[in-house]
Amino acid sequence: MAVKTADKAAMAKQAASKDGFIAALDQSGGSTPKALRLYGIMEDAYGNDEEMYRLIHEMRARIIKSPAFTGDKVMGAILFERTMEGDIDGVPTAEYLWDKRGVVPFLKVDKGLEAEVNGCQLMKPMPELDTLLERAVAKGMFGTKMRSVISAANAEGIAAAVAQQFDVGRQILGHGLMPIIEPEVTISIADKAEAEEILLAEILKQLDALGHDKQVMLKLTLPTKPNLYKPLVDHPRAMRVVALSGGYCRADANKILAANNGIIASFSRALTEGLSAQQTDAEFDKVLGDAINGIFEASRS
């Protein structure tokens, strides 16, 4: 079910300006076993990929169905492709998110990372991207997300990563979808602050080159220097700037996020921290609700 014009306008307004944050529920093949372990489901609980993906879908569905998970505080959610193709209580996931929870649906579209070159990992080729984007439109998605990784303050590598992100972003815009561009800076590198300065300059260059009728969203690692990305927050070609937790625990991620005005969260591990398959629904909802409240307040700073 493609998004109706009125719904798309409402989604765009919410994505651009509503208080709240984006829940990153898009763990893919490589990160799914770890996500399940943190949730209390060990590898011996499933025998193959299909069983693994069924379990992670059940975890995501439990999160989405929780009374705490609504558009009041969760502005959007990023889904893995299999989650988009699945249902919650017989309703397609994207439709359930928007119609039942008031949450804007996004789809992770990248297919993983290339080997590191010049301190950066670019995205693997996506020859089937147009087909996937057509399905995303048909399924009612508002936007997409794609990730590359920066592990050194290498100007050539960072320029290549950002250029690739914006090239694919324009392809996504061509399908009427909103791209979230995510060049993640690894939080443990010694030259993180220098890498972020280079990244800022490259993103500004690409934003300035976008057409005046186009916008993208940006998903960036929480910066070493508070408010470094304020020029991006204020840029007319950037609909919204969101931050990934990048391996910080939730308390640290919230503290750093609160020091960056105008940036909202798009957390994955920091959102699901403390959730367990063994919890009762009441326990689960309480832990998730506390997490959502804390991330929401940090996103309003």
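The rules behind the values
- Residues numbered from 1 in each chain as written.
- Predicted model: local features only at pLDDT ≥ 70, side-chain atom pairs only at ≥ 80, totals over all residues.
- Heavy atoms only, no water.
- Axes fitted to C-alpha atoms, helices over the stretch in contact; angles between N-to-C directions.
- Helix = DSSP H or I, 4+ residues; strand = E, 2+ residues; numbered from the N terminus.
- Parallel < 35°, antiparallel > 145°, perpendicular 65-115°, else oblique.
- Left-handed = near helix turned anticlockwise from the far one by under 90°.
- Contact = heavy atoms within 4.5 Å.
- Nonpolar A, V, L, I, M, F, W, Y, C, P; charged D, E, K, R; others polar.
- Core = buried A, V, L, I, M, F, W, Y, C linked by side-chain atoms within 4.5 Å.
- Buried < 20%, exposed > 50% of the residue type's maximum accessible area, 1.4 Å probe, protein only.
- Salt bridge = Lys/Arg side-chain N within 4 Å of Asp/Glu carboxyl O.

Structural notes on the packing of helix α6 (residues 129–139) against helix α7 (residues 155–173)
The interhelical angle for the contact between α6 and α7, taken along N-to-C directions, is 45°, at an axis separation of 10 Å. By the angle between their directions, the pair α6 and α7 is classed as oblique. The way α6 lies across α7 gives a crossing that is right-handed. Taken together, the residues of α7 that come into contact with α6 (itself represented by Leu129, Asp130 and Leu133) are Val168, Gln171 and Ile172. Here the contact of α6 with α7 is composed, by residue class, of 4 nonpolar, 1 polar and 1 charged.

Regarding the nonpolar core
Core analysis: the largest hydrophobic core is formed by 80 residues, its most contacted members being Phe69 and Leu218. In terms of residue count, helix α3 (residues 49–65) provides more of this core than any other element does, 8 residues in total. Met11, Val104, Phe142 and Val242 belong to the second largest nonpolar core, which has 15 residues in total.

Considerations on the pattern of salt bridges
In the structure shown here, the tally under the stated rule is 21 salt bridges. The residue arginine 147 makes a salt bridge to glutamate 184 at a minimum N-O spacing of 2.7 Å. Here arginine 147 is found in strand β7 (residues 143–150), whereas its partner glutamate 184 is found in strand β8 (residues 178–185), with 37 residues between them in sequence. A cluster of three or more residues bridged by salt bridges with shared partners is formed by Glu81, Glu85, Lys111, Arg135 and Lys139.

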